[in-house]
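Each chain, letter by letter, is given below.
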Amino acid sequence: MSVVVVGAGLAGLTAATELAARGIEVTVLEARDRVGGRTHGIEVAPGQWADAGAAYLGARHTELKSLIARLGLATVPTTMEGRSRFSVGGGPQTVDGRFPPLNAIALGGLFEQLDEVTKAVRQDAPWLTADAERLDRLTAAEWIERQVPHPDARLFFPLFLGEMMAADPADVSVLHMAFYLCSGGGIRYLNAFQGGAQEERVDGGAHRLSELLAAKLGDRVLLGHPVRAVEQTGDRLRVHSDRGVHEGEAVVVALPPLLADTIEYRPGLPVPRSSQATGRGCAVKVQLVYPEPLWREHGLSGWSVSSDGPLLSTVDDSPPGGVGILTGFVTGSEARSFAALDGPSARQAVLDQTRRLFPQLPDPIGYHVTDWISDEYSRGCYAALFGPGDWLTAGPHLTTPHGGVHWAGTETSTEFFGLMEGAIRSGRRAAEEITGS
Ligand SMILES: Cc1cc2nc3c(=O)[nH]c(=O)nc-3n(C[C@H](O)[C@H](O)[C@H](O)COP(=O)(O)OP(=O)(O)OC[C@H]3O[C@@H](n4cnc5c(N)ncnc54)[C@H](O)[C@@H]3O)c2cc1C
């Protein structure tokens, strides 16, 4: 049997590895000139890497952890010791812990309401959630407007959603928000560093996972092969890329939904993978490099949250014993405005903000920006955002094969949707579907 896999992110490479292990002839067609998709490494100093894409993982990411071990990689803890800096609705302040200096009762109430809606969702089939139609029509912006009157909770909510989903409240349905939070392990796990989804990073960068998987697959992975069409006749499938035609008895399309829909299927799909309402998560990552993690000398953790941007939050992503890396997250509408600036203006805005937030620090010695918004082969970072109507229309078909076409990608996983863990689980599921084992 032979299978063509479209996309060499974690999902496609996992599917290909599982299929190859079962003796199946496999070819992976990747559009970019690199593997790894939404994981990507930047060498910020000789031998020291920053994650320009996905970075964090926690104990519940069991498939990812076992892949890291199988590939001989290690993890490093994400450092979160010291005081935080907050600039939310006023000038910057230094605060113990990670809780913002806003009305604690109002924020507690917001989290209770989020918890309630998250616990009510059917994670395995969100479209079967009680009241799914109403929750799928309502945006998170409308929800907060109706449910949460306190100005501090309203100020904090978009920052929370930006951090969790790289989304503006107007861009996601309540059903999707609730599903996403539930699928990722619940609000507390998703939001936490120690004991949560941000506890660790892959030593040397998350992109190493895909590089090592691809190295094992060798010349079965073809770079620079954007796929344009998949044609099925009888039990043969023909996959047309810009560089030629590849045949197989099954195809795994391991792409986010908006990109899966750019491929022409013959015969056509009964239900498209996305709709006009499907949004792109919007994230720009900024990495500021210092000779060492200098903020620690001032009792700071490097963690900050700001409502005035461009960096809505910063995290200490320094490799142990190496340079200091402060990673800044620009998300949602702030990311769209930031990405529209020319390079020097964007850099100036970041430096001005960093000087306000961390006046003790000198200017960084390195500055790296990764704009995922305009990336033609991602279209949605951290992940696609299901807008009003999407779960009820496309949800029930997300993993249903179309003849010999099978679907993978983190957006097809109801467990850890949008995360590396979801991508790996989806790749395994697609391989099992094809082989029946
Ligand atoms: C800034 C950022 C931060 C993130 N943070 C985290 C985090 O901390 N923890 C976490 O777990 N996750 C995080 N994520 C999400 C994580 O990166 C993704 O969930 C995961 O990498 C998705 O893998 P995938 O294989 O499903 O998709 P992708 O990685 O998108 O892979 C799809 C592949 O298909 C290729 N492709 C696209 N179109 C075509 C075509 N027509 N023909 C052939 N190939 C094509 C693409 O180039 C790509 O290589 C983050 C993502 C971003 C961008």
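Worth saying up front: this structure is predicted, and the values here are computed from it rather than measured.

(A) Structural view of the sheet that holds strand β10 (residues 221–222). With parallel pairing, five strands are arranged side by side in an open sheet as β10-β2-β1-β14-β23. Strand pairing shows two members of the sheet lacking a second neighbour, β10 and β23 (405–408), which therefore form its edges. Pairing geometry for strand β2 (residues 25–29) and β10, over two bridges, is parallel. Directly across from Val 28, in β10, lies its bridge partner Val 221. Against the sheet, helix α14 (residues 420–435) makes contact with β1 (2–6), β14 (250–254) and β23, and its axis sits at roughly 160 degrees relative to β23, the strand it touches most.

(B) Quick peek at the domain arrangement of the chain. Taken domain by domain, the chain comprises domain 1 (2–37 + 207–273 + 398–435), domain 2 (41–57 + 195–203 + 283–371) and domain 3 (103–191). Its C-alpha centre places domain 1 at a distance of 31 Å from the equivalent point of domain 3. Facing the seven residues of domain 1 at the interface are nine residues of domain 3. In total, domain 1 and domain 3 occlude about 600 Å² of area from one another, counting both sides; carbon and sulfur atoms represent 64% of this. When residues of domain 1 are sorted by the area they lose upon contact with domain 3, Thr 414, Phe 416 and Phe 417 head the list and together hold 80% of the total. Run the count over domain 1 and domain 3 and you get zero salt bridges. Put simply, domain 1 and domain 3 have four residue pairs in polar contact (both at pLDDT 80 or more) between them.

(C) Broad picture of the packing of helix α1 (residues 10–21) against helix α9 (residues 207–217). Where α1 contacts α9, the axes come no closer than 10 Å and their chain directions differ by 35 degrees. The element α1 and its partner α9 pack so that their crossing is left-handed. Note on element contacts: α9 touches α1 through Leu 209, Ser 210, Leu 213, Ala 214 and Leu 217, opposite Leu 10, Leu 13, Thr 14, Ala 16, Thr 17 and Ala 20.

Calculation rules
- Residues numbered from 1 in each chain as written.
- Predicted model: local features only at pLDDT ≥ 70, side-chain atom pairs only at ≥ 80, totals over all residues.
- Heavy atoms only, no water.
- Pairing = 2+ DSSP bridges.
- Helix = DSSP H or I, 4+ residues; strand = E, 2+ residues; numbered from the N terminus.
- Contact = heavy atoms within 4.5 Å.
- Axes fitted to C-alpha atoms, helices over the stretch in contact; angles between N-to-C directions.
- Domains from an automatic or database assignment.
- Buried area = accessible area lost by both parts, 1.4 Å probe.
- Salt bridge = Lys/Arg side-chain N within 4 Å of Asp/Glu carboxyl O.
- Polar contact = N/O pair within 3.5 Å; in protein donor to acceptor, adjacent residues only side chain to side chain.
- Left-handed = near helix turned anticlockwise from the far one by under 90°.

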